[in-house]
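# Fold and geometry: a report
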Amino acid sequence: MTEIKVKICGLSTEETMEAALDAGADMVGLMFFPKSPRHVTLSEACRLADMARGKAEIVAVTVNMDLDGLARINELVAPDWFQFHGQETPEACAAAKVMHVKKVMKAVPVSCKEDLEPALYYSVVADGILFDAKPPKGADLPGGNGVAYDWTLLKDLDLKKPFMLSGGLDPSNVAEAIRLSGVKAVDVSSGVERDKGVKDSDLIRAFLAAAKSA
């Protein structure tokens, strides 16, 4: 049986980073998007990345960031992955991958089966795909909105690249989401928060326990 890979995204404090690492997170996401309540400064990100290095893969999450911004994150934070969560094109993903010599994950927003199609184009250049729920109308954030979609859409999907399920997951439903979708990797942000942008260490531990035992 394959153990489920878990990414805890939007970590912004040492306490919650420690909780995620101690509970066995495989990937930890740091958010570089000023509009997000989970946004971290470069100095905060450096500190958190140093805690995680060698224990979990570090993912720098960006939204339509220019190449200069990516270069600064790459130089100072040295993440293992860049996650692109905006309208970045496959060409932009390929350019960032070559320029920064980093693995690239592209978020693809989903609400129906047709929404899976762009993943075929991104999977040619990206090292992984994150299927997230389409944001609600008028939402300021492209992700982390706590919205779910039909998880069965991912059942038997053959992308030739690893992919993760995200969107509306929490400790109470992640095992069911894994069963319905058949995925081998999940991502959570708002589902382990007690307030918007405020991670809860107990919820992080509960989510990891539920996902890992699914």
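Now for a look at the structure at hand. (Residues numbered from 1 in each chain as written. Predicted model: local features only at pLDDT ≥ 70, side-chain atom pairs only at ≥ 80, totals over all residues. Heavy atoms only, no water.)

On a plain count of helices and strands, the protein chain comes out with seven helices and ten strands. For a compact globule of 214 residues, the expected C-alpha radius of gyration is about 17 Å, and the protein chain comes in at 16 Å, within 12% of that figure. Overall, the C-alpha framework of the protein chain stretches about 40 × 40 × 40 Å when taken along its three principal axes. Looking at the protein chain as a whole, 52% of its 214 residues are labelled buried. Long-range pairs, those at least 24 residues apart, make up 57% of the contacts in the protein chain with a sequence separation of at least 6. When the accessible area of the protein chain is evaluated, it comes to approximately 9800 Å², of which 54% is carbon and sulfur surface. Separation of charge centres in the protein chain, based on 25 positive and 31 negative side chains, amounts to 2 Å. (Helix = DSSP H or I, 4+ residues; strand = E, 2+ residues; numbered from the N terminus. Rg over C-alpha atoms; globule rule 2.2 N^0.38 Å. Buried < 20%, exposed > 50% of the residue type's maximum accessible area, 1.4 Å probe, protein only. Contact = heavy atoms within 4.5 Å. Areas by Shrake-Rupley, 256 points an atom, 1.4 Å probe, with all protein chains shown as cover. Lys, Arg positive; Asp, Glu negative; His and termini not counted. Charge placed at Lys NZ, Arg CZ, Asp CG, Glu CD.)

Counting buried positions along strand β5 (residues 103-110) yields six of eight residues, so the element is predominantly enclosed. Handedness of the crossover is the feature at issue here: the chain leaves strand β4 (residues 81-84), passes through helix α4 (residues 90-100), returns alongside β5, and the resulting connection is right-handed. With helix α5 (residues 117-125) bridging β5 and the parallel strand β6 (residues 128-133), this β-α-β connection has right-handed handedness. (Right-handed = clockwise from strand over helix to strand, strands pointing away.)

Glancing now at the side chain of Asn74. Topologically, Asn74 is positioned in helix α3 (residues 67-76). Of note is the side chain of Asn74, whose polar atom sits 3.5 Å from the backbone oxygen of His100. Not counting the four nearest positions on each side in its chain, Asn74 is found in contact with Pro79, Phe82, His100 and Lys102. (Polar contact = N/O pair within 3.5 Å; in protein donor to acceptor, adjacent residues only side chain to side chain.)

Before going further, it helps to spend a moment on the pairing of strand β3 (residues 57-62). With six of its six residues buried, β3 lies for the most part within the structure. Of the two faces of β3, both are covered, the one formed by Glu57, Val59 and Val61 as well as the one formed by Ile58, Ala60 and Thr62. Here six bridges tie strand β2 (residues 27-32) to β3, and the two strands are oriented parallel to one another. Residue pairing for β3: Met27 is matched across the bridge by Glu57. Handedness of the β-α-β unit built from β2, helix α2 (residues 42-52) and β3 comes out right-handed. Sheet analysis places β3 next to β4, joined by four bridges and oriented parallel. Within the sheet, the bridge partner assigned to Val59 lies in β4 and is Trp81. In terms of handedness, the path from β3 via α3 over to β4 forms a crossover that is right-handed. (Pairing = 2+ DSSP bridges.)

Quick look at the packing of aromatic side chains now. Applying the stated criterion across every chain yields a total of two aromatic pairs. Here the aromatic rings of Phe82 and Phe84 are separated by 6.1 Å at their centres, their planes lie at 5°, and the arrangement is stacked. On the accessibility criterion, Phe84 (3% relative accessible area) is buried. Ring geometry for Phe131 and Phe163: centres 5.7 Å apart, planes at 75°, overall edge-to-face. With Phe131 in strand β6 and Phe163 in strand β7 (residues 163-165), the pair connects residues that are 32 residues apart, well separated along the chain. Phe131 sits in the buried class, given a relative accessible area of 0%. We classify Phe163 as buried; its relative accessible area is 15%. It is Lys106 that lies over the ring of Tyr122; its NZ or CZ is 5.1 Å from the centre. (Phe/Tyr/Trp six-rings, centres within 6.5 Å; stacked < 30°, edge-to-face > 60°. Lys NZ or Arg CZ within 6 Å of the ring centre and 35° of its normal.)

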